[in-house]
Amino acid sequence: MKLLKQLKLPDDIKKLSYNDLKKLASETRQLIIDVCAKNGGHIAPSLGVVELTLSLLKNFDPLHDRIIWDVGHQSYAYKILTDRLDKFHTLRQFKGISGFNKPSESPYDAFGVGHTSTSVSAALGIRMADEIIGEKRKIVAIIGDGALTAGLAFEGLNNLGHLDKDTIVILNDNEMSISKNVGAISSYLSRVMTGEFYTHFRKDVQHLLEHAPLGDKLLKMAKKFEEGVKGFFTPGILFEELGLKYIGPIDGHDLKELDKAIYNAKIQDGPTLIHIITKKGKGFKPAEENPEKFHGVSSFDIKTGKPIKFKSKTFTEVFGDTLLELAKQYDNIVAITAAMKPGTGLNKFAEVFPKRFFDVGIAEQHAVTFAAGLAIGGCKPYVAIYSTFLQRAYDQIIHDVALQDLPVVFCIDRAGLVGADGPTHHGSFDISYLRTVPNLHIMLPKDDFELIEMLKISYELNKPIAIRYPRGNIKAYDLPKTPVTLYEPEIINDSGEILIISAGHIFEEVFEAYKNLINKIPAALINLRFIKPLNYEKIVKIAKNKKMIITVEENSIKGGVGDEIISILIENNIYPDKFIKLGIPDKFIEHGPIIELRKLIGLDAKSIEEKIISEWEKID
């Protein structure tokens, strides 16, 4: 980090030679590798855009101009090279810097982003605001790393082309978005046709033809000729047809070529797209060889690239293994994911049943409606999507699946708190946003046994189903395994004056609290298992004579399990002396280890125990 530490960042980047910029790129990459090996993170995407980041900071003023990163996990180098070098070792740590762009963290972050495909729409909005208030600056949107598979990206590009506003879009093509480079002729031609001489020449010809007889027809002919030439040699005709001037493909690791392309883009009047080709994971061999695996990782050994694993299985692994076994029994089972095959545990399924596995890209809306079509055709679709990403497809869940009462199974991974990825990725809302949907059945396994049994039940049940489970390892309990029966809660104990109702995987904290409580307070415990439909009769029967009732869920307390239980009690004229809802409070929760976050919001075992004792003493 010799050069990194010497510089006043980001200003000194503009003064460096290309040789020094290469040294700075190497040091930046090594720092990203070192920190991600310890903290985990999105290493491969960020390693691929180090040169691009340097070129952007060399050509723009990031505090005046607006640089908007799509999918914030591409911006680790940007964090280092702006104002967070000294804090970068805290990346994704509790009270440390975020793994994503966050304006409240730094004035260099122009737009908050954790999800994908938002940069073009945000950039256009900022550009139009500048026009309205009279601000003069350059707006740059960086999109890529698969983000161009989402509909929102094309909606933004279409509107940008229609409004014809001076905005630069940089497409980072690391073979996760669109096709490979089509050759040197393409790069040379697009560079010439957006260069300073050609740009002025085009304007002069346009002016001449506009004032000539039959000028409109001649102008259209000239435009068609130019489009034809570029369309024959370059992959940029799609963007040209959307109304963006196309530059590329450019080697995204060649700083001189990047500078030329950015300069050419800056002299254009309207929207311009620079298409760069990068190597995802560049500079770290394991990530270069397996960029999908190193897209987002936990801590790993730098020498081997192998993750530092925990011994017990994760919910994700159990889901993937179980679905594979079910698919061997039933040949109509299909699996769908949205650009998250490893993350959702479907790698093995895809290898064994390639014709029954579908990765639709970052397109959750399409994934859900596609699944509805498969169900109409007689298949049994299992749609594996993270809780936070399923939010994008809420309309499709309602109208295309639930309204038609189709047997689509939503396997909702990363439910609850997810840790280091923070508020953009916490699965805080799925119970709340799904509980209101008619026809939908919602299952909440606490462990691997229940997840396996619920997946088996899901195949037999000809209804829309959501199965919710968390990120992370599975906890074992010193409890007998009671059969999982549809709609039936698991009754751990029904006696006592206090009733604790646990929903799903948060049982690991609830059970620890319960074991400490039973020698102090007469407490009953229910593991809910199913939230919709809920077994009203059983809940009412157990709750009827309780003085205090506590619900615990790792979901927002707004509209979650607690609200459902309250409504049941009121409908049945049951009014305990005290009703307590424990869950994720009505605010966005920061990033950090899950155990620290649970302590922060009172969802760890000790906090649950102390809360129950404190409230019970008020009654007693």
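Each value, and the rule that gives it
The residue numbering used here restarts from 1 in each chain and proceeds along that chain's sequence as written. The model is predicted, so local features are restricted to residues of pLDDT at least 70 and side-chain atom pairs to those at 80 or more, both for listing and for counting; the totals for chains, interfaces and linings are taken over all residues. No hydrogens and no water enter the side-chain calculation; it runs on all heavy atoms of the structure. Labels follow the DSSP assignment, with helices taken as runs of H or I lasting at least four residues and strands as runs of E lasting at least two, numbered in each case from the N terminus. Partly exposed describes any residue whose relative accessible area lies between the buried limit of under 20% and the exposed limit of over 50%, with all areas from a 1.4 Å probe on protein chains only and scaled to the type maximum. Counting of polar contacts relies on pairs of N or O atoms within 3.5 Å, with two restrictions inside protein: one atom must be capable of donating a hydrogen and the other of accepting it, and residues adjacent in sequence are counted only when both atoms are side-chain atoms. Throughout, a residue-residue contact means that at least one pair of heavy atoms, one from each residue, lies within 4.5 Å. As used here, the term nonpolar core means buried Ala, Val, Leu, Ile, Met, Phe, Trp, Tyr and Cys residues forming a set that is joined through side-chain atoms within 4.5 Å. When the strands point away from the viewer and the connection leading from the first strand across the helix to the second strand turns clockwise, the crossover is called right-handed. Here, strands pair whenever DSSP counts at least two bridges between them. In this analysis, axes come from line fits to C-alpha atoms, helices being fitted only over the stretch in contact, and the angle between any two N-to-C directions falls in the range 0 to 180 degrees. An expected span of 1.5 Å times one less than the residue number is assigned to each helix. In the sections that follow, a salt bridge refers to a side-chain nitrogen of Lys or Arg positioned within 4 Å of a carboxyl oxygen of Asp or Glu.

Relative to the elements of secondary structure, arginine 29 occurs in helix α2 (residues 18-39). Of the residues examined, arginine 29 reaches a relative accessible area of 7% and is grouped as buried. Polar contacts involving the side chain of arginine 29 include one to the main-chain carbonyl oxygen of lysine 282, which spans 2.9 Å. Those residues within four positions of arginine 29 in sequence are excluded, and the remaining contacts are Leu47, Val50, Glu51, His253, Lys282 and Gly283.

Attention now goes to the nonpolar core. Counting 55 residues, the largest nonpolar core has Ile32, Ile43, Leu56 and Ile274 as its most contacted members. The leading source of residues in this core is α2, at nine residues. Ranked by size, the runner-up nonpolar core spans 50 residues in total, among them Ala371, Ile431, Val437 and Ile442.

Counting buried positions along strand β13 (residues 498-503) yields six of six residues, so the element is predominantly enclosed. The alternating pattern of β13 places Ile498, Ile500 and Ser502 on one face and Leu499, Ile501 and Ala503 on the opposite face, and all of these are buried. As a crossover connection, the stretch from β13 through helix α21 (residues 507-517) into strand β14 (residues 523-527) is right-handed.

The strand order across the open sheet formed by five strands is β12-β14-β13-β16-β17, and the pairing between neighbours is mixed. At either margin of the open sheet sits one strand with a lone partner, and together these are β12 (490-493) and β17 (578-584). Averaged over neighbouring strand pairs, the angle between their axes works out to 20 degrees when direction is ignored.

Attention shifts here to helix α14 (residues 315-329). Here α14 contains 15 residues, and its C-alpha end-to-end distance of 21 Å stays within 8% of the 21 Å for a straight helix at 1.5 Å per residue. Looking at α14, one finds that the buried residues are Phe315, Thr316, Val318, Phe319, Gly320, Thr322, Leu323, Leu324, Leu326 and Ala327.

Applying the stated criterion across every chain yields a total of 43 salt bridges. A salt bridge links arginine 598 to glutamate 508; the shortest N-O distance between them is 2.5 Å. A residue pair is termed long-range when its members are at least 10 positions apart, and arginine 598 in helix α24 (residues 594-601) and glutamate 508 in helix α21 qualify at 90 residues. Residue classification places glutamate 508 among the partly exposed residues on the basis of a relative accessible area of 22%. A salt bridge links glutamate 554 to arginine 598; the nearest nitrogen and oxygen atoms lie 2.6 Å apart. Of the two residues, glutamate 554 sits in strand β16 (residues 548-556) while arginine 598 sits in helix α24, which places them 44 residues apart along the sequence. Just as glutamate 554 is buried, arginine 598 falls in that class too.

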